[in-house]
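# Architecture at a glance
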Amino acid sequence: MLVVAPSPPAVADASALRVAAYLAHEDAQGASKTVVVQVENVSKTEVAITRVSLGYGRSEIDSTGVRTVISPQASRVFEIEAPDGFLAGDAPVVVEYVGTAGRTDAIAVSIAAPSAAPPSPFWYPGLFTLVSAIVALVGVAIGAWLTHVTTRRREREKARLEWAKSRFDRDSKPYVAFLSQVGTHVNATLLEERFLTLRKEVAVPSRIVKEFEKACGVLRDRGSSQPEKRRSLERLHDEISKELEFPE
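So, here is what we can say about the structure in this document. On a predicted model such as this, the values are computed, not experimentally measured, just so you know. (Residues numbered from 1 in each chain as written. Predicted model: local features only at pLDDT ≥ 70, side-chain atom pairs only at ≥ 80, totals over all residues. Heavy atoms only, no water.)

## Looking at the packing of aromatic side chains
Under the defined criterion, the tally for this structure stands at two aromatic pairs. Each ring, one from Phe178 and one from Phe195, has its centre 5.9 Å from the other, and the planes form 75 degrees; the classification is edge-to-face. Here Phe195 lies in helix α2 (residues 188-201) and Phe178 lies in helix α1 (residues 125-181), a separation of 17 residues in the sequence. The same class applies to Phe178 and to Phe195, which are both buried. An angle of 5 degrees between the planes, with centres 3.9 Å apart, marks the rings of Phe195 and Phe212 as stacked. One end of the pair, Phe195, is in helix α2; the other, Phe212, is in helix α3 (residues 206-220), with 17 residues separating them in the sequence. Here Phe195 falls in the buried class, since its relative accessible area comes to 2%. Following the ring pairs from residue to residue traces out a cluster consisting of Phe178, Phe195 and Phe212. (Phe/Tyr/Trp six-rings, centres within 6.5 Å; stacked < 30°, edge-to-face > 60°. Helix = DSSP H or I, 4+ residues; strand = E, 2+ residues; numbered from the N terminus. Buried < 20%, exposed > 50% of the residue type's maximum accessible area, 1.4 Å probe, protein only.)

## Quick look at helix α4 (residues 226-245)
If you check α4, its first and last C-alpha atoms are 29 Å apart, about what 20 residues at 1.5 Å a residue would give, namely 28 Å. Turning to α4, its buried residues number three or more, namely Lys229, Ser232, Leu233, Leu236, His237, Glu239, Ile240, Glu243 and Leu244. The arc that holds every buried residue of α4, seen down its axis, measures 155 degrees, which confines them to one face. (Expected span 1.5 Å × (residues − 1). Arc of directions from axis to C-beta.)

## A short note on the nonpolar core
Membership of the largest hydrophobic core comes to 24 residues, with the highest contact counts inside it found for Leu17, Val35, Val37, Val39, Ile49, Val93 and Val95. Going through the elements one at a time, β2 (17-25), β3 (33-41), β4 (47-54), β7 (75-82), β8 (93-98) and β9 (104-109) are the ones with two or more residues in this core. (Core = buried A, V, L, I, M, F, W, Y, C linked by side-chain atoms within 4.5 Å.)

## Side note on the environment of Arg103
Tracing the sequence through the fold places Arg103 in the loop between β8 and β9. Since its relative accessible area comes to 56%, Arg103 is described here as exposed. Every residue in contact with Arg103, bar those within four places of it in the chain, is listed here: Tyr97 and Val98. (Contact = heavy atoms within 4.5 Å.)

## Things to note about the packing of α2 against α3
Between α2 and α3, whose axes approach to 9 Å, the crossing angle comes to 165 degrees. Taken together, the axis directions place α2 and α3 in an arrangement best described as roughly antiparallel. Regarding α2 and α3, the two cross each other, and that crossing is left-handed. Side by side, α2 and α3 meet where Ala188, Leu191, Glu192, Phe195 and Arg199 of the first sit next to Ile208, Val209, Phe212, Ala215, Cys216, Leu219 and Arg220 of the second. A breakdown of the residues in the contact of α2 with α3 according to their chemical character gives nine nonpolar, no polar and three charged. (Axes fitted to C-alpha atoms, helices over the stretch in contact; angles between N-to-C directions. Parallel < 35°, antiparallel > 145°, perpendicular 65-115°, else oblique. Left-handed = near helix turned anticlockwise from the far one by under 90°. Nonpolar A, V, L, I, M, F, W, Y, C, P; charged D, E, K, R; others polar.)

Have a look at this one:
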């Protein structure tokens with residue numbers, strides 16, 4: 001049972017007891033109610049509680065009739081189920097007890113209404129609306145950023161392909177002519193002449209120039225065998241083929 005304590009509860013003082021009573025809801029809607037009665041023994045001797053009731057005499061609604069002994073400076077809590085529609089001012093709580101010298105006495109105390117429980121911060125309407133708006137804005141921002149990144153990447157790739165195609169269309173003919181004129185059986189002089197013509201027509205990458213210089217060195221070397229010369233020319237052909245397939 002969820003007990004919502006009032007602030008402050010109704011309290012009655014007597015020479016032997018201090019009594020406080022208030023309503024507590026069992027559920028969030030308060031469909032059923034319980035009267036919670038706290039009895040504290042403020043005397044120096046034991047006190048026997050003989051009856052705790054809502055109202056007294058003919059107006060009594062409900063009661064707890066168990067005998068309970070409370071030691072000095074100790075306290076006990078009693079609960080009485082209230083009927084549907086019961087309000088705090090409908091009836092008082094009456095505590096009957098046996099005090100010093102075996103004398104029976106009673107204390108009547110009014111019932112305090114329960115205080116409203118504060119709303120849960122996690123479901124507070126204003127906060128929930130604010131959090132929902134922030135989450136929506138963040139989602140929109142992330143979606144826009146992803147769209148922007150994807151579009152930029154797609155545009156860069158398209159531009160690269162278009163540039164590569166235009167360069168291939170522009171440079172492929174001189175390279176193809178060079179390869180058709182220079183086979184795997186050529187001397188250094190002819191190779192240099194054809195390569196000079198190629199460089200006048202296109203911007204030859206440095207890696208192809210280096211491979212050309214290596215091939216010329218091998219061709220001029222009298223100690224190089226025919227297979228070595230052929231392999232050097234094949235490597236030059238390979239570099240040029242790469243340029244045609246993957247322009248930088």
